[in-house]
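What follows is each chain in one-letter form.
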Amino acid sequence: MGKLAVVLVFAVAAAALIGQRLIALSHLSLAFRELTQNHLPNCHLIKGIVTGAEDITVLEDGLAFISSGLKYPGLPPYSDVPGKIYTLDLLSGVGPVDLHIRGDFDTESFNPHGISIYIDDKDGTIYLFVVNHPQNNSLVEIFKVLEDENTLEHVKTIKHALLHNVNDIVAVGVESFYATNDHYFTNNMLKTLEFLFPLHWCDVVFYSPGAVKSVAGGFASANGINISPDKRYLYVSDVTDHKIVVLEIQKDGVLSRVKEVAVGSLCDNIEVESETGDLWMGCHPNGAKLLRSDPSDPPGSEVIRLQNIHSEEPVVTQVYMDDGRVIIGSSVAAPYRGTLLIGTVYHKALQCDLK
Ligand SMILES: *[C@@H]1O[C@H](CO)[C@@H](O)[C@H](O)[C@H]1NC(C)=O
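Residues numbered from 1 in each chain as written. Predicted model: local features only at pLDDT ≥ 70, side-chain atom pairs only at ≥ 80, totals over all residues. Heavy atoms only, no water.

### As for the packing of aromatic side chains
One pass over the full model with this rule turns up 10 aromatic pairs. Consider the rings of F105 and F110, whose centres lie 5.2 Å apart with planes at 80°: the pair is edge-to-face. F110 shares its class with F105; the two are buried. Measuring from ring centre to ring centre gives 4.8 Å for Y178 and F206, while their planes differ by 40°; the resulting arrangement is tilted. (Phe/Tyr/Trp six-rings, centres within 6.5 Å; stacked < 30°, edge-to-face > 60°. Buried < 20%, exposed > 50% of the residue type's maximum accessible area, 1.4 Å probe, protein only.)

Set out below in structure tokens:
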């Protein structure tokens, strides 16, 4: 072959590789999904929430905890206000209340992401676990909730090499939890490469004092995590694979993969309804629009409910969809007795009635 022919062959091969990557990327980001509206009755925006409600969890007595003001590590910040934890009482309607943080804790760099509640059955103490990213780091903070004083008392900060890109957590003891890593690499350039060429190297880590280990791997990007009401199973959203993975908890925190359920959307946090065991997810219907976050062509929002997940025929239902005119970038959907709270990564939060 002449030199020109060799150059041509390489150019064609490179073009084919780039083309193939672009097609794979538009598939994994659902870039072609149309955004529509499938609204719920009696929705209103939650007053005062304007810099996100990335994660929400609701206690049995109707007190919702909201993590707000996330600056996703490695991306330019969406806002420059410090993150906050709010409560909203769904029974009395009081809130959102900005919780005061007490103890040796830097509130200026507070950057809350996934949250989880653990109630100590010995004395009823409520603990709030928060993924925190000060200066783009990944830490897990444990707070004691002093409900009558609208205060979080800082108990401890957990930092560990295995907890390197933590997205979400589920607490299973006063000092133990499972956490998801949404990337394998910590270097920004390698993180981008990992996104372009999904490696399925992300994992779930079990943490308890004196025992920290990676207990499940093979995720493209492990995002939301939660636990079944009987505490036997964990559910993890593999966001860029558009599926929910079911894992059974074995002895010593070890997990075994049971099954996967396709959801057709980029699902973020998972809430589990205690009475039914149903999974509720805030999802990104079009990830390409989320990455661009162009105000004139905003990313939409989608809420998906997953019923009978352990049966042969799980039911996946779209409960809510918006094209970005009402709320942008839904990341969590928390049901409570006929009410649904929908939170977003960096935008507003919505409260609706379920039909
Ligand atoms: C985190 O990283 C992003 C992207 O590199 C940067 O824009 C931002 O300023 C960093 N934030 C802090 C608090 O260092």
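The rest of the description comes next.
### Side note on the pairing of strand β12 (residues 177-181)
Looking down a regular strand, the side chains alternate between one sheet face and the other. Burial runs high along β12: five of the five residues are buried. Once strand β11 (residues 166-171) ends, the chain turns through five residues before running back antiparallel as β12. Bridging between β12 and strand β13 (residues 202-208) involves four bridges; their strand directions are antiparallel. Among the inter-strand pairings, T180 is bridged to a residue of β13, identified as V204. (Helix = DSSP H or I, 4+ residues; strand = E, 2+ residues; numbered from the N terminus. Pairing = 2+ DSSP bridges.)

### Observations regarding the site of the ligand
All residues adjacent to the ligand are G74, L75, P76, P77, Q135, N136 and N188. One of the side-chain N or O atoms of N136 is found 2.4 Å from an oxygen atom in the ligand. The fraction of the free accessible surface of the ligand (360 Å²) that becomes covered by protein chains is 47%. Grouping the constituent residues of the shell around the ligand by class yields three nonpolar, four polar and no charged. (Near = heavy atom within 4 Å. Polar contact = N/O pair within 3.5 Å; in protein donor to acceptor, adjacent residues only side chain to side chain. Areas by Shrake-Rupley, 256 points an atom, 1.4 Å probe, with all protein chains shown as cover. Nonpolar A, V, L, I, M, F, W, Y, C, P; charged D, E, K, R; others polar.)

### Examining the pattern of salt bridges
According to the stated counting rule, one finds 13 salt bridges in the structure shown. With its nearest N and O atoms 2.9 Å apart, the salt bridge here joins E175 to K156. Of this pair, E175 sits in the loop between β11 and β12 while K156 sits in strand β10 (residues 151-158); the two residues are 19 residues apart in sequence, bridging distant segments of the chain. Judged by its relative accessible area of 27%, K156 falls in the partly exposed class. A salt bridge links E248 to R232; the shortest N-O distance between them is 3.8 Å. (Salt bridge = Lys/Arg side-chain N within 4 Å of Asp/Glu carboxyl O.)

### Quick notes on the side chain of T57
Positionally, T57 belongs in strand β2 (residues 55-58). Polar side-chain contacts of T57 include one of 3.2 Å to the side chain of E271. Residues in contact with T57, not counting those within four places in the same chain, are L63, A64, F65, I115, I117 and E271. (Contact = heavy atoms within 4.5 Å.)

### Regarding the state of the cysteines
The final tally for this structure, using the stated rule, is two disulfides. What pairs with C43 in a disulfide is C352, and their sulfur atoms sit 2.0 Å apart. Judged by the torsion about the S-S bond (110°), the C43/C352 disulfide is right-handed. Taken together, the residues C43 in the loop between α1 (3-28) and β1 (44-45) and C352 in strand β25 (residues 350-353) connect sequence positions 309 residues apart. (Disulfide = S-S within 2.5 Å.)

Everything listed here is a matter of geometry and, on its own, says nothing about what the molecule does.
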